[in-house]
Amino acid sequence: MKETSFIEQNKEKWKKFQSLTSNQTSDPEEIADLYSDITDDLSYAQTFYNKRTVRVYLNQIAQGVHNLVHKQRKDSFRKLFTVWRVSIPLEIYRSRKNLLFALFIFLFWTLVGVISTHFNPDFPRMIMGDAYVEMTLKNIEKGDPLGVYHSGSQVSMFLEITLNNITVSFYTFIAGILFTIGTHIMIFNNSIMLGAFQYFFHLKGLLIVSFLGIWIHGAFEISSIAIAGGAGITLGNGLLFPGSYTRLQSLQLSAKRGLKIMMSLIPFLIAAGFLESYVTHNYQELADWAKWAIISISFAIIIFYYIIFPIVVARRHPELIHESDPPIKTYVNVFDLHKIRTFGQIFSDSFSFYRVHIGKIMRYNLVLTIPIIIAVVVFQDLMRYEDLTHQYEYDWASQLSIMMGFDIQSISDFVVTLLWTIIFSIFTLSILYHFRNQEQKASLKLFVPFMLQKLPGTWLGLSFLFLILFYVPWYWMFLVVFITPFFWLQGASIILGDERFGKKFGNGFKFGAKNYGSVLLGISLMGLVLFIFAQPIACVLSYQEVNFMREPMLEDFLDKLAGFVKNVSRYYTADFLVPANITRQIIYVIFMLFSLPFFVIMMGFMYHTFQEQSQSTGLRKQFANFGKRKRYQETSLDFD
């Protein structure tokens, strides 16, 4: 059909469609029927009049009604209210077993704290520290047993306490990602402290006094920690029990569920901070009946919203209880290496590649590098045992120095450093191996020969980076990072290149120098992302005051975990800092093993992008296929 005939035949229908869509009182069914006709006409125009204005015109009106139909209205206050009235209570109901289990273990460890203090009155000193116990004893002598709540202005107390409450609850939740183990440790730490603290006042004959003072704000605060524990167990169960999903997909779904529960805690944590700062702060002036009333009302609110109301909502909406999970977004599993990527695409594909291949990468290293790492770290800890008996200002730098022998003190440190360079070389090979074998299943029989062939050249190609990493003090790294791009791509060039060794070595330097800005930006941005991600787990700014053995000013999850291990170890050894420092080393090694692949994967994508810019391998392949369209199958080329 000629284009003019096509237009003449359908123009009245198109005009009618435009008038109907502009009129908000039009019949939706009539619009839907016409929209179906419009899309059919658009398909016809794309086939026969692809480069004509009629195709553009039809595409515009079809797109306009699509946007009209799918336009998202601004969220109203009513919708936000519905989230708190329906969505969150239903999520609490779905997670009721995890919340009940968290409450049970919280009460169990609280009872353990009570029993331990009953048989050992000095137990609170081990849990809360001598300084805090001595301060409390002095306050009891002054007739003000809860005098600790009088310190500081009320406004600053409110801000600090609220931030601390949110931080503790968040750590309790996010620690569940460690297969719920971290959440159990956080619950243990807080509940055993609560039991010991309350029974300490009982031994002094002040149980009711302390109860009426502490639980004014504690009803919300302590309940929130237990509920955050339930959210953390919900999060961790996504990894432990993935069901029909992959573990990563299950983790995504469980994280959303846990975050909904955590969102419900925000008002209660703010209320706890307010009560502690403005009510508990003046608890001595408050009548006992008022204290009992505040505590009772607070617990009643918690019981209503987290126990009674979810049951009521579940009975009102039984069809929503077992609501199916949303479909998981699918990702690319095979990446085109002969493609020039923008910086944003390199960054995005690095995370996608990590998601696809991290399981296979870790299988190789579980056999090849992790046993060596364990042997090296154990050897270093035995050789430098005295260093483990101290607390350090910047602990992460000191512990890495002990494990890797940065500060060469003996020949053993030099040997250990050399072993670490081999470990990192094998680790790099296990990652970049998958650029050439993306669809291949993990197979040591195939990987080991490849590794043995490439290992000497890889080690040499990475030697400049090893010199920077191992022998430049960490506080000079900010300056040294500016020369890193020149050597950044040599390892990838040697592993992924097809030329002779000298040419590959030179290409790595040439690509890095020619694309200096992009490489530097990539290293800096990836480092910043991992730096931010690391803060709740093991903050590198967690400075400790060594001389007074105080806790870090910026306490993170690792500080809490190490503090827990340190307190428990006091029972069994005088060198109680040794187990705490070994715990830190374990976390640092785990974090290093799971963060380094991001940098290496980005290195691989950068190399292929710069190689494509220089050699146009992919473009030459496209030219070779020019004119070879498939005879019985349409491709995108047929519509260009």
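If you're wondering where the values come from, they're calculated on a predicted model, not measured in any experiment.

### Section: the overall build of the protein
Reasoning step 1: Regarding its fold elements, the protein presents 26 helices and 0 strands.
Reasoning step 2: A buried classification covers 46% of the 640 residues belonging to the protein.
Reasoning step 3: Only carbon and sulfur atoms are counted for the fraction: they give 65% of the accessible area of the protein, which is about 34,400 Å².

### Regarding the environment of L432
Reasoning step 1: Looking at where L432 falls in the secondary structure, it is placed in helix α17 (residues 411–436).
Reasoning step 2: With 169 residues separating them along the chain, L432 and I601 place their C-alpha atoms 6.9 Å apart.

### Observations regarding helix α22 (residues 501–514)
Reasoning step 1: With 14 residues, α22 should cover 20 Å at 1.5 Å per step; its first-to-last C-alpha distance of 20 Å lies within 8% of that length.
Reasoning step 2: Looking only at α22, the buried set comprises K504, N507, G508, F511 and G512. Down the axis of α22, the sector holding all buried residues measures 120°, keeping them to one side.

### Some remarks on the side chain of T389
Reasoning step 1: Checked against the element boundaries, T389 lands in the loop between α15 (370–383) and α16 (395–404).
Reasoning step 2: Polar contacts involving the side chain of T389 include one to the main-chain carbonyl oxygen of E386, which spans 2.5 Å.
Reasoning step 3: The contact partners of T389, leaving out residues within four places of it in the chain, are D575, L577, V578 and N581.

### Considerations on the pattern of salt bridges
Pairing between side chains becomes possible if they bear opposite charge and their charged atoms approach one another.
Reasoning step 1: Tallied over the full model, the rule gives 11 salt bridges.
Reasoning step 2: R436 serves as the salt-bridge partner of D498, at 3.2 Å between the closest nitrogen and oxygen. In this pair, D498 is assigned in the loop between α21 (490–496) and α22 and R436 in helix α17, connecting sequence segments 62 residues apart.
Reasoning step 3: Salt bridges linked by common partners bring E91, R94, R257 and K260 together as one network.

### A look at α16
Side chains of residues three or four places apart in an α-helix project in the same direction, reflecting 3.6 residues per turn.
Reasoning step 1: Across the 10 residues of α16, 9 count as buried, placing the element largely inside the fold.
Reasoning step 2: Every buried residue belonging to α16 is among D395, A397, S398, Q399, L400, S401, I402, M403 and M404, and all of these are buried.
Reasoning step 3: Contacts made by the buried residues of α16 are with α15, α17, α19 (463–471) and α25 (577–615).
Reasoning step 4: Following α16 by one or two positions, G405 has its phi on the positive side, about 70°.

### Let's talk about the packing of aromatic side chains
The geometry of an aromatic ring pair is captured by two quantities: the separation of the ring centres and the angle between the planes.
Reasoning step 1: Throughout the structure, instances matching the rule amount to 43 aromatic pairs.
Reasoning step 2: Ring geometry for Y433 against F447: centres 5.2 Å apart, planes inclined by 75°, an arrangement best described as edge-to-face. Of the two residues, Y433 sits in helix α17 while F447 sits in helix α18 (residues 444–461), which places them 14 residues apart along the sequence. Judged on exposure class, the residue Y433 and its partner F447 are both buried.
Reasoning step 3: Consider the rings of F487 and F509, whose centres lie 6.3 Å apart with planes at 50°: the pair is tilted. With F487 in the loop between α20 (477–480) and α21 and F509 in helix α22, the pair connects residues that are 22 residues apart, well separated along the chain.
Reasoning step 4: Taken together, the ring pairs in this structure connect F464, F486, F487, F501, F505, F509 and Y516 into an aromatic cluster.

### A word on a positive patch on the surface
Reasoning step 1: On the surface, R500, K503, K510 and K514 cluster together to form a positively charged patch.
Reasoning step 2: Here K503 is to be found in helix α22.
Reasoning step 3: With a relative accessible area of 39%, K503 lands in the partly exposed category.

### A closer look at the environment of I92
Reasoning step 1: Mapped onto the elements, I92 comes out in helix α4 (residues 77–94).
Reasoning step 2: Leave out the neighbours within four places in its chain, and I92 touches L99, I261, Y305, Y306 and P310.

### Details of the packing of α17 against α19
Pairs of packed helices are described in terms of their axes, by the angle between the two and the distance that separates them.
Reasoning step 1: Two elements in contact, α17 and α19, have axes whose closest approach is 11 Å; the angle formed by their N-to-C orientations is 130°. Compared by their axis directions, α17 and α19 come out oblique. The handedness of the crossing between α17 and α19 comes out as right-handed. Here F414, T417, W420, T421, F424 and S425 of α17 come into contact with α19, specifically with F466, L469, F470 and Y471.
Reasoning step 2: Residues that form the contact of α17 with α19 fall into these classes: 7 nonpolar, 3 polar and no charged.

### Comments concerning the nonpolar core
Reasoning step 1: Counting 130 residues, the largest nonpolar core has W420 and W488 as its most contacted members.
Reasoning step 2: The residues contacting W488, other than those within four sequence positions of it, are L465, V519, I523, F599, M602, M603 and M606.
Reasoning step 3: Grouped together as the second largest cluster of nonpolar side chains are 6 residues, I38, L42, A45 and L58 included.

### Details of the packing of helix α10 (residues 207–240) against helix α11 (residues 247–278)
Reasoning step 1: Between α10 and α11, the least distance of the axes is 8 Å, while the angle of their chain directions is 175°. Here α10 is positioned roughly antiparallel relative to α11, judged by the angle of their axes.
Reasoning step 2: Of the residues contributing to the contact of α10 with α11, the split by class is 18 nonpolar, 7 polar and 4 charged.

### Some words on the environment of D413
Reasoning step 1: Within the secondary structure, D413 is located in helix α17.
Reasoning step 2: Along the chain, D413 and M383 lie 30 residues apart, while their C-alpha atoms are 9.3 Å from each other.
Reasoning step 3: Each residue touching D413, except ones within four places of it in the same chain, is listed here: Q380, R384, M404, G405, D407 and I408.

### Considering the side chain of Q585
Reasoning step 1: The topology assignment puts Q585 in helix α25.
Reasoning step 2: When residues no more than four places from it in sequence are discounted, the contact partners of Q585 are V377, D381, L388, Q399, I402 and M403.

### A few points about the confidence of the model for the protein
When pLDDT is low, close inspection of the predicted coordinates is not appropriate.
Reasoning step 1: Counting all residues, the mean pLDDT for the protein is 81, and 82% of those residues have values of 70 or more.
Reasoning step 2: Between residues 70–76, whose pLDDT stays under 50, and residues either more than four places distant or in other chains, the model counts 0 contacts.
Reasoning step 3: Note that pLDDT drops below 50 for residues 630–640; the model gives that stretch 7 contacts with residues more than four away or on any other chain.

### Re unusual backbone geometry
When glycine is set aside, most residues are seen to have a negative phi, and most peptide bonds are trans.
Reasoning step 1: The backbone of F179 sits at a positive phi, close to 55°, despite the residue not being glycine.
Reasoning step 2: Within the secondary structure, F179 is located in the loop between α8 (154–174) and α9 (181–203).
Reasoning step 3: With relative accessibility at 44%, the residue F179 sits in the partly exposed group.
Reasoning step 4: Even without being glycine, T180 reaches a positive phi, approximately 70°.
Reasoning step 5: Mapping T180 onto the fold places it in the loop between α8 and α9.

Thresholds applied
- Residues numbered from 1 in each chain as written.
- Predicted model: local features only at pLDDT ≥ 70, side-chain atom pairs only at ≥ 80, totals over all residues.
- Heavy atoms only, no water.
- Helix = DSSP H or I, 4+ residues; strand = E, 2+ residues; numbered from the N terminus.
- Buried < 20%, exposed > 50% of the residue type's maximum accessible area, 1.4 Å probe, protein only.
- Areas by Shrake-Rupley, 256 points an atom, 1.4 Å probe, with all protein chains shown as cover.
- Expected span 1.5 Å × (residues − 1).
- Arc of directions from axis to C-beta.
- Polar contact = N/O pair within 3.5 Å; in protein donor to acceptor, adjacent residues only side chain to side chain.
- Contact = heavy atoms within 4.5 Å.
- Salt bridge = Lys/Arg side-chain N within 4 Å of Asp/Glu carboxyl O.
- Phe/Tyr/Trp six-rings, centres within 6.5 Å; stacked < 30°, edge-to-face > 60°.
- Patch = residues over 30% accessible without salt bridge, like charges linked within 9 Å, V, L, I, M, F, W, Y side chains within 5 Å.
- Lys, Arg positive; Asp, Glu negative; His and termini not counted.
- Charge placed at Lys NZ, Arg CZ, Asp CG, Glu CD.
- Axes fitted to C-alpha atoms, helices over the stretch in contact; angles between N-to-C directions.
- Parallel < 35°, antiparallel > 145°, perpendicular 65-115°, else oblique.
- Left-handed = near helix turned anticlockwise from the far one by under 90°.
- Nonpolar A, V, L, I, M, F, W, Y, C, P; charged D, E, K, R; others polar.
- Core = buried A, V, L, I, M, F, W, Y, C linked by side-chain atoms within 4.5 Å.
- pLDDT = per-residue confidence, 0-100.

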